[in-house]
Amino acid sequence: MARIRTPLSDRLGLRYPIVCAPMFLLSNKEMIVACAEAGILGTMPSLNLRTREEFREALAWIRARTDRPFGINLTIKLTDPERLMHDLETCLEFKVPVIITSYGNPSELARRAHAAGAIVFHDVIHLQHALKAQEAGADAIIGVAAGAGGHAGTTSPFVLVPYLREHLQVPVIAAGCIATGRQIASSLALGAELVYLGTRFIASTECGAEEAYKKAVIQGSPDDIVYTDAVSGVHANFLKHTVPGQGPADRSQTQQAIQQGGARKWKEIWSAGQGIALARDIKPIGAIVEDLVREYVDARAGLPALEEG
Ligand SMILES: Cc1cc2nc3c(=O)[nH]c(=O)nc-3n(C[C@H](O)[C@H](O)[C@H](O)COP(=O)(O)O)c2cc1C
């Protein structure tokens, strides 16, 4: 199949300008290798591995299977500072080409990553944070739009992507609600150099989500998503039926999860974005990428013809 190229996807050596976004508790090393084989950028949060040793083993496992690029997400304020620096050093030792920083100031991480030749992406929901992250050394900014899975913003992707692009010198990566090739075509038309898909890849064979979670993703509509700060204190999108007070879930269990906090919350209260409306099947990552590329090609070919006069 054809390649789809942007300056940033070329810089990274990707076949397609697509990132399988990091997802707490769900992304895993198998997804990263499947993404590498499919020609896109696989990622995961370092915290998906419980200990530093397990994280190191996961990187060694990935490196034994692919020399293609992948990314690791370091969640700055959510990670114990010692573990954070340790995970960064482990990434650099294994020559992880992309470090994705979120929830905090990336300056120090960017300085160290650049010294080792890595590229830094940072995610934001506002221009103001994007400008700070650019100043702090981020090489590309991920604009997380309204409706995204995980912690999401409130700005429509129709505005966020071109707005960030207009005000930033570094490339923009579009995140939020992208689940089809048609949306990839529109994101690139809006000025993004990469697209960042989380929810669509929950419904992949390789993803660590339990089967009922994957099924909820492929069966849902936008009305099944709730945007709330009740779970973690930061606004995020969740499958409504798993949030206490929002649906018929076992409330005592989920209420208990909220009270106990930490990873337990995200295990029992399932996050996903409005893109569930367009994710229709559970498939291996390679097959999802083939669909995305075919849909992209069809979307471009299906645009109304430009008539003179
Ligand atoms: C279950 C879940 C967990 C997530 N965990 C993280 C995380 O640990 N770190 C992070 O930077 N983003 C996280 N995100 C956000 C994604 O990286 C990405 O921005 C988002 O999924 C894109 O929107 P989409 O889900 O509509 O495709 C998470 C998203 C989901 C759905």
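Residues numbered from 1 in each chain as written. Predicted model: local features only at pLDDT ≥ 70, side-chain atom pairs only at ≥ 80, totals over all residues.

### Side note on the nonpolar core
Counting residues in hydrophobic clusters, the biggest one holds 97 residues, and the most contacted among them are Val19, Cys35, Ile99, Ile141 and Ile173. Considering each element in turn, this core owes the most residues, seven residues, to helix 2 (residues 29-38). Three or more residues apiece are contributed to this core by two domains, here domain 1 (7-209 + 280-299) and domain 2 (211-268). (Core = buried A, V, L, I, M, F, W, Y, C linked by C-beta atoms within 7 Å. Buried ≥ 20, exposed ≤ 12 C-beta atoms within 10 Å, placed from the backbone. Helix = DSSP H or I, 4+ residues; strand = E, 2+ residues; numbered from the N terminus. Domains from an automatic or database assignment.)

### A few points about the pairing of strand 8 (residues 172-175)
Residues Val172 and Ala174 point to one face of strand 8 and Ile173 and Ala175 to the other, with burial holding for every one of them. Here strand 6 (residues 140-144) pairs with strand 8 via four bridges, running parallel. Its bridge partner lying in strand 8, Ile141 is registered against Val172. Strand direction decides the pairing type here: strand 8 and strand 9 (residues 194-197), joined by three bridges, are parallel. Its bridge partner being in strand 9, Ile173 is matched across the sheet by Leu194. (Pairing = 2+ DSSP bridges.)

### Details of the packing of helix 2 against helix 3 (residues 52-65)
Contact pair helix 2 / helix 3: the axes reach a minimum separation of 10 Å and the direction vectors enclose 25°. When the axis of helix 2 is compared with that of helix 3, the two are roughly parallel. Between helix 2 and helix 3 lies a crossing of right-handed hand. Taken together, the residues of helix 3 that come into contact with helix 2 (itself represented by Lys29, Ile32 and Val33) are Ala58, Trp61, Ile62 and Arg65. Taken together, the residues that form the contact of helix 2 with helix 3 break down as five nonpolar, no polar and two charged. (Axes fitted to C-alpha atoms, helices over the stretch in contact; angles between N-to-C directions. Parallel < 35°, antiparallel > 145°, perpendicular 65-115°, else oblique. Left-handed = near helix turned anticlockwise from the far one by under 90°. Contact = placed C-beta atoms within 7 Å. Nonpolar A, V, L, I, M, F, W, Y, C, P; charged D, E, K, R; others polar.)

### Topic: the site of the ligand
Taken together, 26 residues lie near the ligand, and Ala21, Gly149, Gly150, Gly198 and Gly273 sit nearest. When residues of the shell around the ligand are traced back to their parent elements, those giving at least two are strand 3 (70-75) and strand 9. Partitioning the shell around the ligand into residue classes produces 14 nonpolar, eleven polar and one charged. (Near = placed C-beta within 6 Å.)

### Looking at helix 8 (residues 181-189)
All buried positions along helix 8 are accounted for by Gly181, Gln183, Ile184, Ala185 and Ser187. Just beyond helix 8, the residue with positive phi is Gly191, at close to 115°.

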